[in-house]
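Chain by chain, the residues:
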Amino acid sequence: MDLRPNSDEARDIAYHFHSYTNARVHEQVGPLIMDRGDGVHVFDNHGNKYIEGMSGLWSVAVGFNEQRLIDAATRQMQKLPYYHNFAHRSHGPAIDLAEKLISMAPVPMSKVFFTNSGSEANDTILKMLWYRSNSLGKPEKKKVISRIRGYHGVTIASASMTGLPCNHKSFDLPIDGVLHTTCPHYWREGRDGESEEQFATRCAEDLDAMIQAEGPDTIAAFIAEPVMGAGGVVVPPKTYWEKTQAVLGKYDILLIADEVICGFGRTGKMFGCETYNIKPDIMTMSKQITSSYFPFSAFMMTEEVYAPIADESGRIGVLGHGYTGGAHPVGAAVALENLKIIEERDLVANAAERGAELQAGLRKFVDHPLVGEARGVGLIGALEIVAPEGRADEFAPGKLGAALNAQFLKNGLISRNLGDTLAFCPPLIITAEQISEILSAVDRSLDGFSAEIA
Ligand code: PLP
């Protein structure tokens, strides 16, 4: 690391407080500073090249130098750089994008509400559901059920819905009224002799029992990612979604599909809901909606969800909610162009085809003694690392994942270690050669990693 007093590294340590980082370790090791991007690759400030196997944060669908998005943003900046949607105001990009999203929805949807991040969208959804229950004269129907290891963001309500210990510990979360049911990870949670389908039945029974114990009339909604991302890339076991939706249907509980990672092609269909035949009442979208070139998010809802909310705003006189940057015209213009590119280049089909190659390649690593499970669907995948036979006590949770991730970096591959799970989520524009590049970097890294811990 370059630690001359005025180096970027030294100034980063001095002034920049990082997200999802051990602050005390950062003060010692400093940052990896990225300088520029080109397609699926990024380059650091020393000129080292990496294949971005995570699309940044699961989000840069069209790669790191898409001129059309730059042009769309520039055109909008020149025409109308900012406007809002408070007090009946609107603008072309928001109208076009709302119409476009409704036309793409996997089930009939009625309205789109615009926000700035996935966290903010999920937080807003919970507020809207409280408002809706009050409107319906059901003030007790306010709880939400999420899942252990689900990820829905970091604001107070969305972090509460997230089911990961580091998002709760010392933040005094979760708030009351947010519950977490079984994580549907068959490889970790399935019992001896239990089939995948039996495990899915048990997950649905656990959900049913939680609803019964809490009182069905107190539960407003269930929130879930079609495929869990940040919780470790957990692909639902066979029949999970069918059985889960049957339970929700019994009790008039709304289903919020958090498509922040899965949406816009990631799983090989436009939405994760299509891959798993999920019929959501509300859908959260962010990340790939603008390829993260602009902070942007949205959620859409059915008429059944929308109507009581609209009625309540009518009774009160105004919907007391909205964000200065919500429906930002530049973000909306970037989103429209980004969706156009995804459709024109058929990047959803590419995700399915390249995804099949990625999944087949990852599954070959299960023969390696340090790989416990290879999993994923489309262009989202993971390897879960296990300690060598008889040596589990030597490695604290997350240690092996971090060590392998460091090897990946040495081999020019960016992944993300989620505990001992290494995630892969490359841009949707990736080619077959670049999938091979990822897989061969994994192969070389596993050898280096095995030698290191031998
Ligand atoms: N929901 C899901 C499924 C996510 O993966 C994320 C972020 O990774 C969020 C919500 C939160 O989004 P943001 O980081 O934009 O607040």
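Residues numbered from 1 in each chain as written. Predicted model: local features only at pLDDT ≥ 70, side-chain atom pairs only at ≥ 80, totals over all residues. Heavy atoms only, no water.

Participant: Describe the site of the ligand, and please don't skip the residues or the numbers.
Facilitator: Every residue near the ligand is listed here: Ser117, Gly118, Ser119, Asn122, Tyr151, His152, Gly153, Glu225, Asp258, Val260, Ile261 and Lys287. Here a nitrogen atom of the ligand and a backbone polar atom of tyrosine 151 are 3.4 Å apart. Within the contact set of the ligand, an oxygen atom lies 2.9 Å away from a side-chain nitrogen or oxygen of lysine 287. When the free accessible area of the ligand is taken as 390 Å², the share hidden by the protein chains comes to 83%. (Near = heavy atom within 4 Å. Polar contact = N/O pair within 3.5 Å; in protein donor to acceptor, adjacent residues only side chain to side chain. Areas by Shrake-Rupley, 256 points an atom, 1.4 Å probe, with all protein chains shown as cover.)

Participant: Can you tell me about unusual backbone geometry, naming the residues and giving the values?
Facilitator: Here the residue pair leucine 173 and proline 174 is connected by a cis peptide bond, since its omega of 5° sits within 30 degrees of zero. Turning to its location among the elements, proline 174 is positioned in the loop between α7 (156-161) and β6 (178-181). Of note in the backbone geometry, aspartate 172 takes a positive phi value of approximately 60° without being a glycine. On the secondary structure map, aspartate 172 appears in the loop between α7 and β6. We classify aspartate 172 as exposed; its relative accessible area is 71%. Phi is positive for aspartate 252, which is not a glycine, with a value near 60°. (Helix = DSSP H or I, 4+ residues; strand = E, 2+ residues; numbered from the N terminus. Buried < 20%, exposed > 50% of the residue type's maximum accessible area, 1.4 Å probe, protein only.)

Participant: For the nonpolar core, give the residues involved together with the corresponding values.
Facilitator: Counting 99 residues, the largest nonpolar core has Trp58, Leu101, Phe222, Phe264 and Phe424 as the members making the most contacts within it. With eight residues, the single largest contributor to this core is helix α16 (residues 432-453). In this structure, Ala121, Met161, Ala220 and Ile309 belong to the second largest nonpolar core, which totals 21 residues. (Core = buried A, V, L, I, M, F, W, Y, C linked by side-chain atoms within 4.5 Å.)

Participant: Explain the packing of helix α15 (residues 399-410) against α16 to me, using residue names and the numbers behind them.
Facilitator: It is the contact of α15 with α16, at a shortest axis distance of 8 Å, that shows an interaxial angle of 125°. In terms of orientation, α15 lies oblique with respect to α16. For the element pair α15 and α16, the recorded crossing hand is right-handed. Two secondary-structure elements touch here, α15 through Leu400, Ala403, Leu404, Gln407 and Phe408 and α16 through Val442, Ser445, Leu446, Gly448, Phe449, Glu452 and Ile453. Taken together, the residues of the contact of α15 with α16 sort by class into eight nonpolar, three polar and one charged. (Axes fitted to C-alpha atoms, helices over the stretch in contact; angles between N-to-C directions. Parallel < 35°, antiparallel > 145°, perpendicular 65-115°, else oblique. Left-handed = near helix turned anticlockwise from the far one by under 90°. Contact = heavy atoms within 4.5 Å. Nonpolar A, V, L, I, M, F, W, Y, C, P; charged D, E, K, R; others polar.)

Participant: Tell me what's going on with the packing of aromatic side chains, and back it up with residues and numbers.
Facilitator: How two aromatic rings sit relative to each other is set out by the distance from centre to centre and by the angle between their planes. Applying the stated criterion to the full structure yields seven aromatic pairs. Between tyrosine 240 and tryptophan 241, the aromatic rings sit 5.3 Å apart at their centres with planes inclined by 85°, giving edge-to-face as the arrangement. Among the residues examined, tyrosine 240 registers a relative accessible area of 2% and is labelled buried. On the basis of relative accessibility, which here comes to 3%, the residue tryptophan 241 falls in the buried class. Over the face of the ring belonging to phenylalanine 43 we find arginine 36, whose NZ or CZ atom lies 3.9 Å from the ring centre. Here the basic side chain of arginine 416 rests over the ring of tyrosine 20, its NZ or CZ set 5.9 Å away from the ring centre. (Phe/Tyr/Trp six-rings, centres within 6.5 Å; stacked < 30°, edge-to-face > 60°. Lys NZ or Arg CZ within 6 Å of the ring centre and 35° of its normal.)

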